[in-house]
Amino acid sequence: MEAVVSWSGLPGMSFVATTGSGHLVCMDGAPDGGGQNLAPRPMELVLAGTGACTAYDVVLILRKSGQDIRNCQVSMKAERAEAAPKVFTRIVFHFVVTGRSLKPNLVDRAIKLSHEKYCSASAMLGKTAELVFTHEIVEDLDGTVLASSGESD
């Protein structure tokens, strides 16, 4: 895996990354750090990438388990250290998994497998941060919540 990151130049703190797969990603800094708030911050992309990594796993595992999954959304709230380097210290992942007749035990298992075995991004962040996972299951037919879990780590 590779990427090249280039500074856009004066007057700001914008950067463009070209990924190994040939895609462009723009990033910018906060105004108080010389940025112009034109794009996500690099650490926001780390968090979003981790969410995509684990959601990818959950969808794939549920599909392979024969579940009729229709949507998977993960919301994350992260806390960071006060001093530099401002690593993530706690991240709460809340999954909303939508489908038809999803089995709660298989949804729970998919989330745990992602975190414990497959998602390299959450494995890295778990070295500095407490990771908390919650989820709810929404039936696709009428949108009612079928099951909800409390916090687990």
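This text gives an overview of the structure that appears in the document. Note that this is a predicted model, so its numbers are computed, not measured.

Remarks on the nonpolar core
Grouped together as the largest cluster of nonpolar side chains are 23 residues, with contacts concentrated most on Leu-62, Ile-91, Phe-95 and Val-97. Look past the residues within four positions of Leu-62 in its chain and what remains in contact with it is Gln-67, Ile-69, Val-97, Leu-106, Val-107 and Ala-110.

Notes on the packing of aromatic side chains
All told, the structure shown has one aromatic pair when counted by the stated rule. On the numbers, 4.7 Å between centres and 10° between planes, the contact of Phe-93 with Phe-133 is stacked. Here Phe-93, found in strand S5 (residues 88-100), pairs with Phe-133, found in strand S6 (residues 130-139); they are 40 residues apart in sequence, far enough to count as distant. For the residue pair Phe-93 and Phe-133, the accessibility class agrees, reading buried in each case.

Observations regarding the environment of Leu-125
Structurally, Leu-125 is set in helix H3 (residues 120-125). By relative accessible area, which is 12% here, Leu-125 ends up buried. In this structure, the C-alpha to C-alpha distance between Leu-125 and Ala-55, residues 70 residues apart in sequence, is 15 Å.

Calculation notes
Residues numbered from 1 in each chain as written. Predicted model: local features only at pLDDT ≥ 70, side-chain atom pairs only at ≥ 80, totals over all residues. Heavy atoms only, no water. Core = buried A, V, L, I, M, F, W, Y, C linked by side-chain atoms within 4.5 Å. Buried < 20%, exposed > 50% of the residue type's maximum accessible area, 1.4 Å probe, protein only. Contact = heavy atoms within 4.5 Å. Phe/Tyr/Trp six-rings, centres within 6.5 Å; stacked < 30°, edge-to-face > 60°. Helix = DSSP H or I, 4+ residues; strand = E, 2+ residues; numbered from the N terminus.

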